[in-house]
Amino acid sequence: MGTSGRRDSTRVRVAPDGIIACLFDLDGVLTSTAAQHMAAWKQTFDAFLRERERERFRPFTEDDYLEHVDGRPRADGVRQFLASRGITLPEGTRDDPPTADTVHGLGNRKNEVLLAIIREGGVHPYPGSVRYLEAVRDVGLSVGVVTSSENGASVLEAAGLSRFVQARIDGVVINREQLRGKPEPDSFLAGARALGVAPAEAAVFEDALAGVQAGRTGGFGWVVGVNRTHEADELRAHGADIVVSDLADILAMKPAALGR
């Protein structure tokens, strides 16, 4: 594991001095699968609400996704959104079938839809994110992926990004270790521990408001908001040190613009 102090001064700067590890959210930061997650949630929730509410049906919207679901563990997203509509379901268990009208059943239903969408459309990394990962690797910083998705390993492999990653904290790990989901910082703190670094030595890269908030609450040294959905002001308000439209934008920044 390299340190920022060992960087050749002729190399591009990828992070402020003192940052020796990078923790990336997956969907919407490294891969375009955030749009696939949104589509899967919409299909799942709309079918559920249409059957339940009949003539009072109001569709699941992008605002619903960003406010209640984005960046959160699957069951938390189900609870948050349903609560916003005044709906309470039995919890059920993680093994509930997708047909069950429980929190976990609805979450498993969404996952079946997501996997079908991914099988049809594939997984595509953002080219700018690949360039940034290559630069991070070249200067010797450690890389971890922290995602609420239980499909983290398969998405990274399908996108060809596993080669960059030394540690992965995903939904499987979060459930096994009973970590609190974002906006709590537990999963990012676990990622820092897995890489053997202090939070102050690590950067967090997030497109979700809950994820940015987790990075700030966890005391991480640099929090980067990735603005995929025109939420720059909200990302800053939740604790982002800088906001970029694409990770490759960081590579063109002057050191003073990196935010520290």
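Please refer to the structure placed before this passage.
Residues numbered from 1 in each chain as written. Predicted model: local features only at pLDDT ≥ 70, side-chain atom pairs only at ≥ 80, totals over all residues. Heavy atoms only, no water.

Caption draft 1: Structural detail: helix H8 (residues 186–195). Burial analysis of H8 places seven of its ten residues in the buried class, the great majority of the element. What H8 keeps buried is the set Asp186, Ser187, Phe188, Ala190, Gly191, Ala192 and Leu195. Gly196 sits one or two residues past H8 and shows a positive phi near 75 degrees. (Buried < 20%, exposed > 50% of the residue type's maximum accessible area, 1.4 Å probe, protein only. Helix = DSSP H or I, 4+ residues; strand = E, 2+ residues; numbered from the N terminus.)

Caption draft 2: Just empty space enclosed by the protein, in detail. Tallied over the entire structure, the rule returns one cavity of 30 Å³ or more. In this structure, the largest cavity occupies an estimated 240 Å³ of space. Taken together, 21 residues make up the lining of the largest cavity; nearest its centre are Asp27, His37, Arg72, Ser148 and Ser149. Within the residue set of the lining of the largest cavity, elements represented by two or more residues are helix H1 (33–53), helix H2 (62–69) and helix H4 (103–121). Sorting elements by how many residues they give to the lining of the largest cavity places H4 first, with three residues. A breakdown of the residues in the lining of the largest cavity according to their chemical character gives five nonpolar, seven polar and nine charged. (1 Å grid on protein atoms, 1.4 Å probe; cavity = no way out; pocket = protein on both sides within 12 Å on 5 of 7 lines; lining within 4 Å. Points joined across faces, edges and corners; volume = space filled by probe spheres on them. Nonpolar A, V, L, I, M, F, W, Y, C, P; charged D, E, K, R; others polar.)

Caption draft 3: Examining the pairing of strand E5 (residues 222–226) more closely. The element E5 is extensively covered by neighbouring structure, given that five of its five residues are classed as buried. Of the two faces of E5, the one holding Trp222, Val224 and Val226 and the one holding Val223 and Gly225 are both buried throughout. Crossover strand E4 (residues 202–206) to E5 through helix H9 (residues 209–217) is right-handed. For E5 and strand E6 (residues 242–244), the ladder comprises three bridges, and the chain directions are parallel. Residue pairing in the sheet places Val226 in a bridge with Val244 of E6. At this point the chain moves from E5, through helix H10 (residues 232–237), to the parallel E6, and the crossover so formed is right-handed. (Right-handed = clockwise from strand over helix to strand, strands pointing away. Pairing = 2+ DSSP bridges.)

Caption draft 4: The arrangement of unusual backbone geometry in detail. Residues Lys182 and Pro183 are joined by a peptide bond in cis, for which omega reads 20 degrees. Position of Pro183 relative to the elements: it lies in the loop between helix H7 (171–176) and H8. Phi angles above zero are rare outside glycine, and Arg54 is one such case at about 55 degrees. Its location among the elements puts Arg54 in the loop between H1 and H2. Within the chain, Gln178 stands out as a residue other than glycine whose phi angle is a positive 55 degrees. Using a relative accessible area of 71% as the deciding quantity, one classes Gln178 as exposed.

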